[in-house]
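# Architecture and fold: a report
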Amino acid sequence: MTEWKKISGIISDLDGVTYRGDDPIDSAVEAFQSWHSLGLPYAFVTNNSTKSAEEFGEKLNRMGIPATPERIITTSAVSAERLRTLLEPKARVMVIGAPALLRAVEKSGFEIADEKVAAVIAGLDREFNFEKLEKAQIALMGGAHFIGTNPDRMLPKGDGFEPGAGSILKAIETASGVPPVIIGKPQPHLISMALSILGTDPKSTYMLGDQIMTDIVAGHAAGLPTILVRTGVAEEGPFPITPDFDIETLASIPVMMPNDLKET
Ligand SMILES: [Mg+2]
């Protein structure tokens, strides 16, 4: 592992880094509190499409992690924005996902429908069923665009896991023969957006995540050094990439003023 260098900003994943389900990760709460008090800028990027930035902000604040919605980039918001580049204003869109995704699509100016739609946008939907699958299949076979919020197979939950949006996207892809355009990690879109909000130097802004195949791959694609923390999902290799740092908890990241560490 290489030596720690100057850290001018941190872009962090949420699930598995700051909390597992509804349980805060204590070492993460302490780390973000100290970064906040030192004035080290950080932003969050999440593939989780079931909450808005405001709701994630409230959840983090409840756990003691200082966070504002402006610095929480969600895949639901960025996916809904992507529809604007593909569709006419007020086009009909089928949403398979949580209310947060539905609200994001409405906020982007589209009409929610499940027939004669110009696009299907799908994320984690805990009420996913055969009827939704069938309607998505018909729409996609009829030529609708297919946007997927994120490809995660599973999410950490308590001591275990639950199926993620990727499981639903695969079902729709299998039924329709149409693969989704993925917006969340491992694509770099969320990270690029977080970086532009922080305005920090990419060479010394670290991508922090618990999964190599999404967080670390996306961070690398966005040109950032990467830190893998082992408080979330345990993955099985082989992996296409090695993180720059591989740590057990965030307590291993040196806490000092950003300028106390050597320039890269
Ligand atoms: Mg995670």
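In this report, the structure presented in the accompanying data block is examined. (Residues numbered from 1 in each chain as written. Predicted model: local features only at pLDDT ≥ 70, side-chain atom pairs only at ≥ 80, totals over all residues.)

Before going further, it helps to spend a moment on the pairing of strand S14 (residues 226–229). Alternating positions in S14 separate into two faces, Thr226 and Leu228 on one and Ile227 and Val229 on the other, with burial throughout. Tracing the backbone out of strand S13 (residues 205–209), into helix H8 (residues 212–221) and back to the parallel element S14 gives a crossover that is right-handed. In terms of strand pairing, S14 meets strand S15 (residues 245–247) through 3 bridges, oriented parallel. Looking at S15, one finds that Val229 is bridged to Ile247. (Buried ≥ 20, exposed ≤ 12 C-beta atoms within 10 Å, placed from the backbone. Helix = DSSP H or I, 4+ residues; strand = E, 2+ residues; numbered from the N terminus. Right-handed = clockwise from strand over helix to strand, strands pointing away. Pairing = 2+ DSSP bridges.)

On to the nonpolar core, then. Counting 72 residues, the largest nonpolar core has Ile11, Val93, Val105, Val120, Ile121, Ala122 and Ile191 as the members making the most contacts within it. With residues up to four places along the chain from it excluded, the contact list for Val120 reads Met94, Ile96, Ala136, Ala139, Leu140, Ala144 and Phe146. (Core = buried A, V, L, I, M, F, W, Y, C linked by C-beta atoms within 7 Å. Contact = placed C-beta atoms within 7 Å.)

What follows is about unusual backbone geometry. Cis peptide bonds are those with omega within 30 degrees of zero, and the linkage from Lys185 to Pro186 qualifies with 15°. Relative to the elements of secondary structure, Pro186 occurs in the loop between strand S12 (181–182) and helix H7 (189–198). In the segment running from Gly237 into Pro238, the intervening peptide bond is cis, with an omega of 5°. Take Pro238: it is sitting in the loop between S14 and S15.

Now for the sheet that holds strand S7 (residues 111–112). Spatially, the 5 strands line up as an open sheet ordered S7-S6-S8-S9-S12, and their pairing is parallel. Each of the sheet's edge strands pairs with one partner strand only, and the pair in question is S7 and S12. Here strand S9 (residues 145–148) runs beside S12; their pairing, made up of 2 bridges, is parallel. Directly across from Gly148, in S12, lies its bridge partner Ile182. In the packing of helix H5 (residues 130–141) onto the sheet, the strands contacted are strand S6 (92–96), strand S8 (119–122) and S9, and the crossing angle to S6 comes to about 145°. (Axes fitted to C-alpha atoms, helices over the stretch in contact; angles between N-to-C directions.)

So yeah, pure geometry; function would need other evidence.
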